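Chain and residue survey
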Amino acid sequence: MLCYLENLAIQIEKIHLKPLIKKDIQQLISDSFLMTHETGNTLTELLIKLSSGYPLIIITLIKTLLEKNLIQFDLHTGMHYLKENEIPFHMEFSDVILTKFQQLPPDSLEILKIASCFGFQFDTNTIATIGKKSIEEVKTILNDKNVRDVIQSLNDHNHSASYVFSHDRIFEVILSMIPESEKKILHLNIGTVLREAYHAGNTYINIFHVVNHLNLGSDLIQGEESLYSLAELNLQATQAAVKSIAMTQAFQFCEKGIDLLPYNCWDEKYELTVKLYE
């Protein structure tokens, strides 16, 4: 939503919020539940430990505790209580989110994995192509209430929609669920889709984004022509980075381009090889 408003040249004042302190969390619990002082303190300490005070994570944790019936209401006392004997107080936030993801339908989890490999921000068009689904199918999955707990919509047009993950820790947990071998396949597939769009003249596609994904999946690329093609893209990314005075990135792209060159590159692709070594 913020990106959409900024594209309309609407001035936005950003407020940087600090994590909630113990007093704030106690007030939230007091406003949300009828609990004894002791129970409220126990819940507060658990939320502080797991969330480090970040509001979005606190809300996610409370929702999870309610979904698991670990916070219940006693009709006889008129008070909420914690099922403390069933709460693993040694758990981490990642454990809570991981459990939540594992309960999602396979299709939903697969789409979120693809999205996390794409990046913190993603769009339905690319995810649909990689996941071999229609855009409407992807939108339906992303609009499920359980999935919407971990992503936020930026904009939603007729032909595509953009989303971001709700928090970087949520993004990291999903990414950690993907085996390294599977990540390489996803990155290669994403890079291939982005490269096709880039060559088709799509101005929204960034050369750095294309090359980064292809490089991450480059171990799976076979055939000299394909390696030369990616080396050429790394050269283009190097040149673009130099123009942007991003010298660290320029060096990384150039180094990767050289690593991709086959042993007989001086004979077969002399000009490309010279440019990369210059």
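Calculation notes
- Residues numbered from 1 in each chain as written.
- Predicted model: local features only at pLDDT ≥ 70, side-chain atom pairs only at ≥ 80, totals over all residues.
- Heavy atoms only, no water.
- Helix = DSSP H or I, 4+ residues; strand = E, 2+ residues; numbered from the N terminus.
- Rg over C-alpha atoms; globule rule 2.2 N^0.38 Å.
- Buried < 20%, exposed > 50% of the residue type's maximum accessible area, 1.4 Å probe, protein only.
- Contact = heavy atoms within 4.5 Å.
- Areas by Shrake-Rupley, 256 points an atom, 1.4 Å probe, with all protein chains shown as cover.
- Lys, Arg positive; Asp, Glu negative; His and termini not counted.
- Charge placed at Lys NZ, Arg CZ, Asp CG, Glu CD.
- Patch = residues over 30% accessible without salt bridge, like charges linked within 9 Å, V, L, I, M, F, W, Y side chains within 5 Å.
- Salt bridge = Lys/Arg side-chain N within 4 Å of Asp/Glu carboxyl O.
- Core = buried A, V, L, I, M, F, W, Y, C linked by side-chain atoms within 4.5 Å.
- Pairing = 2+ DSSP bridges.
- Axes fitted to C-alpha atoms, helices over the stretch in contact; angles between N-to-C directions.
- Parallel < 35°, antiparallel > 145°, perpendicular 65-115°, else oblique.
- Left-handed = near helix turned anticlockwise from the far one by under 90°.
- Nonpolar A, V, L, I, M, F, W, Y, C, P; charged D, E, K, R; others polar.

The secondary structure content of the protein chain amounts to 16 helices and 5 strands. Taken over C-alpha atoms, the radius of gyration comes to 24 Å for the protein chain, far larger than the 19 Å a tight globule of 278 residues would show. Principal-axis analysis of the C-alpha atoms places the extent of the protein chain at approximately 85 × 40 × 35 Å. Considering the protein chain as a whole, with its 278 residues, one finds that 41% of them fall into the buried category. The contacts in the protein chain between residues at least 6 apart in sequence include a share of 58% that link residues at least 24 apart. Summed over all atoms, the accessible surface of the protein chain reaches about 16,100 Å², with 53% contributed by carbon and sulfur. Here the protein chain contributes 23 positive and 35 negative side-chain charges, whose respective centroids are spaced 3 Å apart.

Once that is clear, we can look at a nonpolar patch on the surface. Together, Leu34, Phe73 and Leu75 line one region of the surface with nonpolar side chains, adding up to about 340 Å² of accessible area. Looking at the secondary structure, you find Leu34 in the loop between α2 (22-32) and α3 (37-51).

On inspection of all chains with the given rule, the structure shows 6 salt bridges. A salt bridge links Glu45 to Lys22, with the shortest nitrogen-to-oxygen separation between them at 2.8 Å. Within this pair, whereas Glu45 is found in helix α3, its partner Lys22 is found in helix α2, the two being separated by 23 residues in sequence. Exposure remark for Glu45: the relative accessible area of 39% places this residue in the partly exposed category. Linking Lys133 and Asp107 is a salt bridge whose minimum nitrogen-to-oxygen distance equals 3.4 Å. Here the residue Lys133 occupies a position in the loop between α7 (124-131) and α8 (135-142), and Asp107 occupies one in helix α6 (residues 106-118), the gap between them amounting to 26 residues. Judged by its relative accessible area of 24%, Lys133 is partly exposed.

Another aspect to go through is the nonpolar core. Nonpolar side chains tend toward joint burial in soluble globular proteins. With 74 residues, the main nonpolar core has Leu43, Phe101, Leu112, Phe122 and Ile151 as its most contacted residues. Once residues lying within four places of it in the same chain are set aside, the contact partners of Phe122 are Ala115, Ile127, Leu142, Ile151, Ala161, Ser162, Tyr163, Val164 and Phe165.

Another aspect to go through is the sheet that holds strand β3 (residues 121-123). Within a sheet, each strand pairs with its neighbour through backbone hydrogen bonds, oriented either parallel or antiparallel. Read from one edge of the open sheet, 3 strands run β3-β5-β4, paired in antiparallel fashion. Strands at the two margins of the open sheet, each flanked by one partner only, are β3 and β4 (151-156). The mean inter-strand angle of the sheet, taken between neighbouring strand axes irrespective of direction, is 25°. Where β4 lies against strand β5 (residues 161-165), 5 bridges are found, and the strand directions are antiparallel. Residue pairing across strands places Gln152 opposite Val164, the latter belonging to β5.

All right, on to the packing of helix α13 (residues 224-243) against helix α16 (residues 270-277) then. Close contact between α13 and α16 brings their axes to 10 Å; oriented N to C, the two are set at 40°. For the element pair α13 / α16, the angle class is oblique. In this structure, α13 meets α16 at a crossing whose hand is left-handed. Packed against α13, whose contacting residues are Tyr228, Ala231, Glu232 and Leu235, the element α16 presents Leu272, Lys275 and Leu276 at the interface. When its residues are assigned to classes, the contact of α13 with α16 shows 5 nonpolar, no polar and 2 charged.

The interhelical angle for the contact between α6 and helix α11 (residues 180-199), taken along N-to-C directions, is 70°, at an axis separation of 9 Å. For the element pair α6 / α11, the angle class is roughly perpendicular. Crossing handedness for the pair α6 and α11: right-handed. For the pair α6 and α11, contact is made by Glu110, Lys113, Ile114, Cys117 and Phe118 and by Glu182, Lys183, Leu186, His187, Ile190 and Leu194, respectively. When the residues that make up the contact of α6 with α11 are grouped by side-chain class, the tally is 6 nonpolar, 1 polar and 4 charged.

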